[in-house]
Structures are given as structure tokens and as C-alpha cells.
Amino acid sequence: MEFKYANPLLSLVIGACICAPSLAEIPANYYDAADTSSAGALRNSLHAIIDDHKRFPYTSSETDTWDILETADQDPNNSQNVITIYRNASYAKEGGGNSFYNREHTWPKSYGFPDDGSSNYPYTDAHHLFIADSGYNSSRSNKPYADCSESCSEKVTETNNDRGGINSNWTDGSFSAGSWETWDARKGDVARALMYMAIRYEGGVHNETGITEPDLILTDDRNLIDSSNTGSNGSVAYMGLKSTLLQWHKIDPVDDFERRHTDTVFSFQGNRNPFVDHPEYVACVFESVCNGEVDLIAPNAPSGLAGTELAGKVALTWNANSEADLNGYNIYRSETAGGNYTKLNASVVRTNTFTDENVIALKSYFYVVTASDYSANESGHSNEITAAATEVVIVSSNAWINEFHYDNASSDVNEFIEIAGIAGTDLTGWSLELYNGNGGAIYNTTQLSGIISDQQNGFGALSFLISGIQNGGPDGFALINSAGEAVQFLSYEGAFSASGGTADGMQSIDIGVSETSSTVAGTSLQLIGNGANYAEFTWQASAAESKGNINSNQRFPLPNVAPQAAFTYSCENLNCQFDASSSIDEDGEITQYMWDFGDQSQGENMRTEHVFANEGSFTVTLIVTDNSGAQTSITHTFDVIVVEQSYFENNTVMAIEDKKRTVSKIDVEREAFTSTIDVKVDITHSYRGDLKIKLKSPEGHVYKLKSKDRHDDGQDVLETYTLDVSGNASGTWKLVIKDKAKKDEGQLNFWSIQF
């Protein structure tokens, strides 16, 4: 299309003022290339029409999005003001940042393009930017557009331009799980803004600047929307809810507010929102109803499906389809030939390649691929293939590649590879496989032998002369143990994948240093640092060789002595205290205590408390870790028992008056019940012979503790009565005291029941 940036209105923005344009006619011939024959044809043709617009900076001393939006969203009743999209508030133009209004990304920038810069086109695309009340913009945040329930919070609108003030916005939740329902008069505005974004940005590059652009896709899948919030600019991103936006488009037709916004943005960017100019395009592009007809024609089935078996994954390729309305591909897998396929991709795959990494090594799977168009018509299956991922066979080891030399000035001399490790490691049956980085094939295999001696604190090295080690670009070697397993696959001067040999399908690890044709003979590449395994050392550039010995800048510490785990415990009913202070580490310190309480609960710290949910036998494990990473565990199994309360008391002092009855109560809650109880009574009284004392059980049984005795002229009662009782123990027990004579009085100090 010839027209991109030239527009009579554009010159106005360079002049002394920026004025809101009056409603303009759609430029002649602008949509001549629009092909409404199918959803895919219209999508593709509209993308071509509106693609490659002129980008303006978000904030700048030159013309920026503030200038565009304060013109596009100017209050039609007051040219000095702007109208906000959600609140419908009218604010005086500030010309830039302020505390009243800001700029709303209807497609939240966090979903696909959060990092602004000169290469980020969607971030500043004014077709989806609107002036918004600052508070309302914050409330909306990055919530998808969705109809809200009765539990949502209301965000009212103001009355301006004969609308607003009655209908409100509604919001609930947060982030991709939240919802924002725009008020009725602007529902269609935001819907068509997002539809524009989905057509304008379909991946690929800006044809005039060469800048890569994202593929923005409308969806109803909140999980896909959430996955788009990565914190950095992405190649594919999702927003919605698509079904809601389609409904909003229908209930809120295009009005002059939208037309002014589109006309103004067009005058700057040079492209238009086709769904404002032609609302009828929505049904064709997003609902596949074109020219009144529904697209029911599926794409052709993909052909040429092939699989490559790699370590821990299967790589699939197939021939690309050529349909104009092709949306992408779906990949299906089965564990049996010919059926019960499961789709592997969450959204359509836009390329003709796919890697299945969710596999079990050596297990055969059956794959087919289908093609899908923008009308959701899906083709039949491609040819079926079977493939099985190879094993990822890198294993841990007591030995590793420690030093080597392969290139020097003049003719290469004394080329070697050194193996270091724990003293006593027998290398008989081990080997080194040397790989050519150009194609990944083996060019040499060297058998190893010998036992690593103790050269430093239980570690040592053995060296093996190997002439003809290739000079890189890149090349590498794999260390293979006596069981035929790859221990390491290292390379120099780059990385590559092995093809054949024990390391078949593996990606090498580039050590990051290399030798050249000017390297001094007698030097080598070697590991340096302090440690006890390969991962703790680093490769250094050429230094004086030390083949067959520990490297000069390499130190092996004394072997770490593992800590000793120990703990004690005590329980009161379900509440248990655990104490690991008796655990020790002879040559360092314990840095971590991890508890497994045997009831799917865990804990940490040297001393900890745990409340079990119920009685039972539990196996508790303590794992202690020292400052060198060594761990030791210990396990105790014990029973957690709830012991019922057996002792109850009442220490409320009560007066005992002449010729009156005194009753004190104790509430008991327990299941177990023995036939014998002890009742302790403490009474202060000047003539205890006046007193008659009895105990009444919850079931009404009465037990005599003391009778009136006129011959007993002693003072006070401090006795423990042992009783044979029966019935249910739970309930209210009553101590009944009667003073049967006059003159002498006293008080009940305390009484208790021991079951």
C-alpha cells in the first residue's frame, strides 16, 4: 500500500498548536485491498493495510503520545479539556504527566511488551491508548475485560457530554484472575481497540524498520493471559476475554468519540482502526461470518511429518501449509498407533516445528499434526510417525576432565587430556571419545586405565597423551565411565550436538577458554580454584602444564566429615517439642535442620514445635546439613497419645453460714472413668461438728463425705475422701455443705476431684 505517513492532518502536529480534527471521511481507496472472502483473507489483508505505522515516543520533548491522546480524547464540549475513558471525567489539559489523568493501555503492556524503547511498537500504539483517570487506571491495572458479578466493586462515571453518571464500571480480583467491566458507552471502544491490536501485531517484523514485533492474540483462556506476564518483551502474548469483547462490540456501536480517536491517531501514525471504520469486519475476522456466510472449509492436512530422536526429547518437523486463512497447527501424541491422541500444545503453533520434551526416554510415542484456520476449522491428521527420545546419560562421577592441551605455535606437541578425581578411582574400562564439532561425529576413542593416587587430601590426577586432538572451531570430548555412561561432554571454541557415540544427541558444554596457533608449547587449559568436585572449579586460559599432577592453582580441602544427627522429643497430648541441639559437626557447623514429622508436615530450625492432628504412631526424621553440604539423617518412631485430664478443682472461696446450705460446682469433661476417686476438701470453720458434707455426681448419685457430729468440737476440715463411684464422669459435680447449728460460721477455701 502506498499511503503510510502522508496525511494533511499530520502537518498540523508540527505547527504551533495541536488541534482536535473534525470528523473526517475515510481516505479514498484506503480499504480497497480488504478481502472479505474469508476470515483468513480479511485478517491478512487488513494486517497488510494497517501494518508498519509510524511510531511516536511514549514521553518526549518532541511529539509524543501525550500530544496524540490529548488531541484524540479532547472533550468535544471544551477544547481545553480531555475526557477520560472509564470515569468520563473532564480534566483541563496538562500537556504531560500530572496527578489527574494518565495513559491507559487497554491491552496491558505487562502482557507481551512491558519494556518501552524505540523498538517497542505496541507500547506506544495510540490506537489502544486512551486518556484515563489515574485512580481508575490503577484499579483496572492489567485485569482482563470481563462481565462482572454482583460481588464486584463499583467505579462510578461522571456526567459529561450527555452521558455517564448512571452507568458504572465494575471490577473484582487482581491480575489475570481479575475482571474489569467497562461502562456501557465505552465497552465497544475498548473491544475494538484490542481487536485492532490482534490484527496489527501478528509477529514478523516492521517492513520499514526491520524491528521484530510480537504476535498478540485474543483468547478466553486466563491461563494463557497469565503466561504472557513474563516481565519482559515476548514474541507471543494473549489478552481477552475474547467472547466478552465480541459481545461488547455488538452492544456498543461505534460513535463519534471513537471516530475522533481513530481519525486523530491516523493523522499521526498513518494507520487506522479498521473495526471503527468498518464494524462489520468484526464478524468476519473473529467469528468467521464473511459476506453473510460461515467458513466451514478446513485446511489441508499437513504432510511430511518427521521426527528426530534426541536426548530427552523428540523434535518434529513438517511441510508448511499454504492456506491464506491458516492460523497454525496442533500437535497430537498417542502411546498406541492410530488413536487416543492427546493434544500437546495449549495454543496453536505458528511454525512448522515442535519439540516434545515431556517424554520418557526410550519410550515410543506416535505423533500426528493437524492444521487449523482462523474459523477454528481443523484439518485431518498428517501422516503418523513414531519416535522415542534417547536417554540423557550424563551421570555423576568421582572423576572428571581436569586439564588438556590441543594447540600451540608451530606443530602441535604433547597433546594430552588429564583426568582428576578421588584417590583410589580405577579408570580401567573408562574411555575418552573425541568429537568433531563439524557434524558432531567421533573421530577418536582412547581407552583409559590406572588408579588415581592420593596427591592432595584424598585427590589426584592421571594424564593421557593423545596425538591429533583437533584444533577447534568447535571440537570436544566426552568422558565415558566403565559402565558405558557419559560422565562429561565438554567442548572448546563453541558448543555443538554429538551425532553418534555415547554422547549421541547431547549438547556439549563450552568451557569458555581455548588455545590458538600462537599458544606457547608446554602450556595447557586447566581447572583452578578450591573444591572437591568438577562444578566447584573454573577453567583458566593457558598456563604452565602440570599433566599427571594436581594443577598449581587448584586446591582440594581435607575431606569433609559429615555431621551427626540426633534429637530428643517430648509430648503433651498432641503437642510435641523437638530438640536437635545434641546434633554435632566435628569439622564445621550445622547450617540447616529439616524435619519430616511423618504426617506430611515439615519443619525447620534446631528446636521446633509440632502439633499432630490426631493420635497415632509417627516416624519423625531429622536431616542436618553442614556448611560443606554434607547431610545426615536420623529417625525415631513414637506414639502420640492424648491423655485425658484427671484432676479438676474449684478454688473459689464461698461463705458457710449458720443453718444454710452452700453448694460449689466443678465441671468435668472426660471419657475414661475409674470406679475410685479422691475428693479433697479444705474448709475453715470454728466448729466442724456442725457440718454435713456430701458429693453429688452429674447423674444425681449422692455420696456422703461427712456427717454432723455434735461431739466433734474441732476446727476446720482438711480431708481427702476416697469414694467408690459409678456412672458417667462428664458433667457437673456438686459439693454440698450444710451448717446444721447456729453460732459458728466459716468458709469453703478449696475442693478438688482426682479421677
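The rules behind these values
- Residues numbered from 1 in each chain as written.
- Predicted model: local features only at pLDDT ≥ 70, side-chain atom pairs only at ≥ 80, totals over all residues.
- Heavy atoms only, no water.
- UniProt positions renumbered as here; feature names shortened; annotations may be inferred.
- Helix = DSSP H or I, 4+ residues; strand = E, 2+ residues; numbered from the N terminus.
- Axes fitted to C-alpha atoms, helices over the stretch in contact; angles between N-to-C directions.
- Left-handed = near helix turned anticlockwise from the far one by under 90°.
- Contact = heavy atoms within 4.5 Å.
- Nonpolar A, V, L, I, M, F, W, Y, C, P; charged D, E, K, R; others polar.
- Disulfide = S-S within 2.5 Å.
- Buried < 20%, exposed > 50% of the residue type's maximum accessible area, 1.4 Å probe, protein only.
- Phe/Tyr/Trp six-rings, centres within 6.5 Å; stacked < 30°, edge-to-face > 60°.
- Polar contact = N/O pair within 3.5 Å; in protein donor to acceptor, adjacent residues only side chain to side chain.
- Pairing = 2+ DSSP bridges.

1. Observations concerning the UniProt feature "domain: PKD" (unreviewed entry) in the chain
Phase 1 of the analysis: Per the UniProt record, "domain: PKD" (unreviewed entry) is found at residues 559-642.
Phase 2 of the analysis: This span, residues 559-642, is 0% helix and 55% strand, and a straight line between its end C-alpha atoms measures 47 Å.

2. Side note on the packing of helix α2 (residues 65-72) against helix α8 (residues 256-269)
Phase 1 of the analysis: Two numbers describe how α2 lies on α8: the axes approach to 8 Å, and their chain directions differ by 145°. Regarding α2 and α8, the two cross each other, and that crossing is right-handed. Between α2 and α8, the residues in contact are I68, L69, T71 and A72 and R260, H261, T264, V265 and F268, respectively.
Phase 2 of the analysis: Taken together, the residues of the contact of α2 with α8 break down into five nonpolar, three polar and one charged.

3. Some points on the state of the cysteines
Phase 1 of the analysis: Summed over all chains, the structure comprises three disulfides.
Phase 2 of the analysis: There is a disulfide in this structure between C571 and C576, and the S-S distance comes to 2.0 Å. Where C571 bonds to C576 through sulfur, the torsion about that S-S bond is close to 110°, and the disulfide is right-handed.
Phase 3 of the analysis: Residue classification places C571 among the partly exposed positions, given a relative accessible area of 35%.
Phase 4 of the analysis: Given a relative accessible area of 0%, C576 falls into the buried group.

4. What about the packing of aromatic side chains?
The geometry of an aromatic ring pair is captured by the separation of the ring centres together with the interplanar angle, meaning the angle of the planes.
Phase 1 of the analysis: Counting across every chain of the model gives 36 aromatic pairs.
Phase 2 of the analysis: Joined through ring pairs, the aromatic side chains of F567, Y569, F578, W595, F597, F612, F618 and F638 make up one cluster.

5. Some points on the side chain of R140
Phase 1 of the analysis: Position of R140 among the secondary structure elements: in helix α4 (residues 134-140).
Phase 2 of the analysis: Accessibility expressed as a relative area gives 0% for R140, which makes it buried.
Phase 3 of the analysis: Setting aside its immediate chain neighbours within four residues, R140 contacts Y86, E104, H105, T106, P108, Y145, W180 and M239.

6. Points about the environment of T621
Phase 1 of the analysis: Here T621 is to be found in strand β36 (residues 616-626).
Phase 2 of the analysis: Expressed as a C-alpha distance, the spacing of T621 and T84, which sit 537 residues apart in the sequence, is 62 Å.
Phase 3 of the analysis: Residues in contact with T621, not counting those within four places in the same chain, are M594, W595, D596, S633, I634 and T635.
Phase 4 of the analysis: There is a polar contact of 3.0 Å between the side chain of T621 and the side chain of T635.

7. Considering the sheet that holds strand β13 (residues 306-310)
Phase 1 of the analysis: The three strands lie next to each other as β13-β14-β17, forming an open sheet whose pairing is antiparallel. Across the chains shown, the open sheet's two edge strands, defined by having one partner strand only, are β13 and β17 (353-356). Mean inter-strand twist for the sheet, computed between neighbouring axes without regard to direction, equals 20°.
Phase 2 of the analysis: With five bridges connecting them, β13 and strand β14 (residues 313-317) associate as antiparallel partners. Along β14, the bridge assignment pairs A306 with T317.

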